[in-house]
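Letter by letter, the chains look like this.
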Amino acid sequence: MTTDTTSAPAGAALPAAADSGRRGNWLWLLNARLAIGLTLIAIFVLGSFILPFFCPADPSLQATYLKNMPMSGEHLLGTNALGQDIFWFLVFAVRNSLILGILVGVGVTIISTAVGLSAGYIGGNYERAVMLIVDSFITIPLLPIMIILGAVIRGNTTFLTVGLIIVVFGWAWGARTIRSMALSLREREFINMARFSGAGTVAIIVREIFPYVSAYMVVGFINTILFAVNTEATLAVIGLSKVEIPTLGSIIFWALNYNALFTGNYPWLVAPIVASILLFLGLFLTSTGFNAAFANKRGVA
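Residues numbered from 1 in each chain as written. Predicted model: local features only at pLDDT ≥ 70, side-chain atom pairs only at ≥ 80, totals over all residues. Heavy atoms only, no water.

## Remarks on the overall build of the chain
- A count of helices and strands for the chain gives eleven helices and zero strands.
- Of the regular secondary structure in the chain, the N- to C-terminal order runs α-α-α-α-α-α-α-α-α-α-α.
- Looking at the chain as a whole, 41% of its 301 residues are labelled buried.
- When contacts within the chain are restricted to residue pairs at least 6 apart in sequence, long-range pairs at least 24 apart make up 70% of them.
- Put simply, the chain shows about 15,900 Å² of open surface, and 70% of that area lies on carbon and sulfur atoms. (Helix = DSSP H or I, 4+ residues; strand = E, 2+ residues; numbered from the N terminus. Buried < 20%, exposed > 50% of the residue type's maximum accessible area, 1.4 Å probe, protein only. Contact = heavy atoms within 4.5 Å. Areas by Shrake-Rupley, 256 points an atom, 1.4 Å probe, with all protein chains shown as cover.)

## Some points on the packing of helix α3 (residues 86–122) against helix α9 (residues 201–237)
- Where α3 meets α9, the axes come as close as 7 Å, and the angle between the chain directions of the two elements is 145 degrees. Note that α3 runs across α9; the crossing there is right-handed.
- Residue composition of the contact of α3 with α9, grouped by class: 18 nonpolar, eight polar and one charged. (Axes fitted to C-alpha atoms, helices over the stretch in contact; angles between N-to-C directions. Left-handed = near helix turned anticlockwise from the far one by under 90°. Nonpolar A, V, L, I, M, F, W, Y, C, P; charged D, E, K, R; others polar.)

## Topic: the pattern of salt bridges
- Tallied over the full model, the rule gives two salt bridges.
- For Glu-127, the salt bridge is made with Arg-179, and the minimal N-O distance between the two is 2.6 Å. Placement of the pair is Glu-127 in helix α4 (residues 124–139) and Arg-179 in helix α7 (residues 172–185), with a sequence separation of 52 residues. Exposure class is identical for Glu-127 and Arg-179. Each is buried.
- Its salt-bridge partner being Arg-176, residue Asp-135 comes within 2.4 Å of it at the nearest N-O pair. Taken as a pair, Asp-135 in helix α4 and Arg-176 in helix α7 lie far apart in primary sequence, 41 residues in all. (Salt bridge = Lys/Arg side-chain N within 4 Å of Asp/Glu carboxyl O.)

## Quick word on the packing of aromatic side chains
- Tallying each qualifying case throughout the model produces seven aromatic pairs.
- Their ring planes at 40 degrees and their centres at 6.3 Å tell us that Trp-254 and Tyr-258 sit as a pair that is tilted.
- On the basis of relative accessibility, which here comes to 16%, the residue Trp-254 falls in the buried class.
- Tyr-258 sits in the partly exposed class, given a relative accessible area of 37%. (Phe/Tyr/Trp six-rings, centres within 6.5 Å; stacked < 30°, edge-to-face > 60°.)

## Comments concerning helix α10 (residues 248–257)
- Counted residue by residue, α10 has eight buried out of ten residues, so it is predominantly covered.
- Where α10 is concerned, the buried positions are Leu-248, Gly-249, Ser-250, Ile-251, Ile-252, Phe-253, Trp-254 and Ala-255.
- Downstream of α10 by a residue or two, Asn-259 has a phi angle that is positive, lying close to 50 degrees.

## Structural notes on the environment of Ser-184
- By the element assignment, Ser-184 lies in helix α7.
- The exposure class assigned to Ser-184 is partly exposed, which follows from its relative accessible area of 44%.
- Between the alpha carbons of Ser-184 and Tyr-121 there is a distance of 9.2 Å; along the sequence they are 63 residues apart.
- Separated by 2.7 Å, the side chain of Ser-184 and the backbone oxygen of Met-181 make a polar contact. (Polar contact = N/O pair within 3.5 Å; in protein donor to acceptor, adjacent residues only side chain to side chain.)

## Digging into the environment of Tyr-126
- For Tyr-126, the location among the structural elements is in helix α4.
- With a relative accessible area of 37%, Tyr-126 lands in the partly exposed category.
- Among the polar contacts listed, one links the side chain of Tyr-126 to the side chain of Ser-118, at a separation of 2.9 Å.

## Quick word on the environment of Ser-214
- Considering the arrangement of structural elements, one finds Ser-214 in helix α9.
- Residues Ser-214 and Thr-113, spaced 101 residues apart in sequence, show a C-alpha to C-alpha distance of 9.3 Å.
- Among the polar contacts made by the side chain of Ser-214, one reaches the main-chain carbonyl oxygen of Pro-211 at a distance of 2.8 Å.

## A word on the packing of helix α5 (residues 142–152) against α9
- α9 packs onto α5 with a crossing angle of 40 degrees between their chain directions and a minimal axis gap of 11 Å. Considered as vectors, α5 and α9 are oriented oblique to each other. Relative to α9, α5 is oriented so that their crossing is right-handed. Residues Leu-142, Leu-143, Met-146 and Ile-147 of α5 lie in contact with α9, whose contacting residues are Phe-227, Thr-231 and Leu-235.
- In terms of residue class, the contact of α5 with α9 is built from six nonpolar, one polar and no charged. (Parallel < 35°, antiparallel > 145°, perpendicular 65-115°, else oblique.)

This is the structure we're talking about:
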């Protein structure tokens, strides 16, 4: 009798426990900051990548419409002094800025992760040589270099060229951080067990160490997107990028050049500034939300 009554509830509880375990795989990610950040990013990504299919004309072409028209159903934000629809120019600007940020984020994350993990785990002369290169790149000031390059090839610096420069000079900080994380992991017992079991260097780095730095990589990737978009916008505003290409910086550049505030064309300047603030806020909240979620998971574990 005792055996029968205890075995039934235990059997019935197994599916519930399994379901709870599955829910626990993603519930730890939930927090208000992350939810708000992802919502803002989703709005920008979906809007900037879907709406261009409905654009009636190339927004970068000048004199497409009458100049300085007010907001209306046909022109949601009006037109600017160049005869461009401000709303469609802004949509394409957000899309190009996001493409730049994602490409830079992928490039920086791949390079910094590969360099940092290999240097931290292999050690020895290899680590010393790699860290000499890393420290050399860290000491190079990025913004002055980009300003000089932009001034030299003024007008021909596309936003993709800006992205390549950011990747070349922006991977070192992440590599140093990931290397320090790999250093703390390589002497742990499970790494020694993997080494003694015959696993190679690449297998240990990929299977044993990489999962422990993946959380930092996600946060670093988002921060790199934020940094890349902000850097390109800064260069475009001061005229050192190719401002004919719609980006968040180029739209502000043209609005300032044509004195949008003094001529009463407020949407031309206010709209990209508000969009930039909301995009940066979404990226910041997503980054800090992921960071808080990973920290909570480590605390629970």
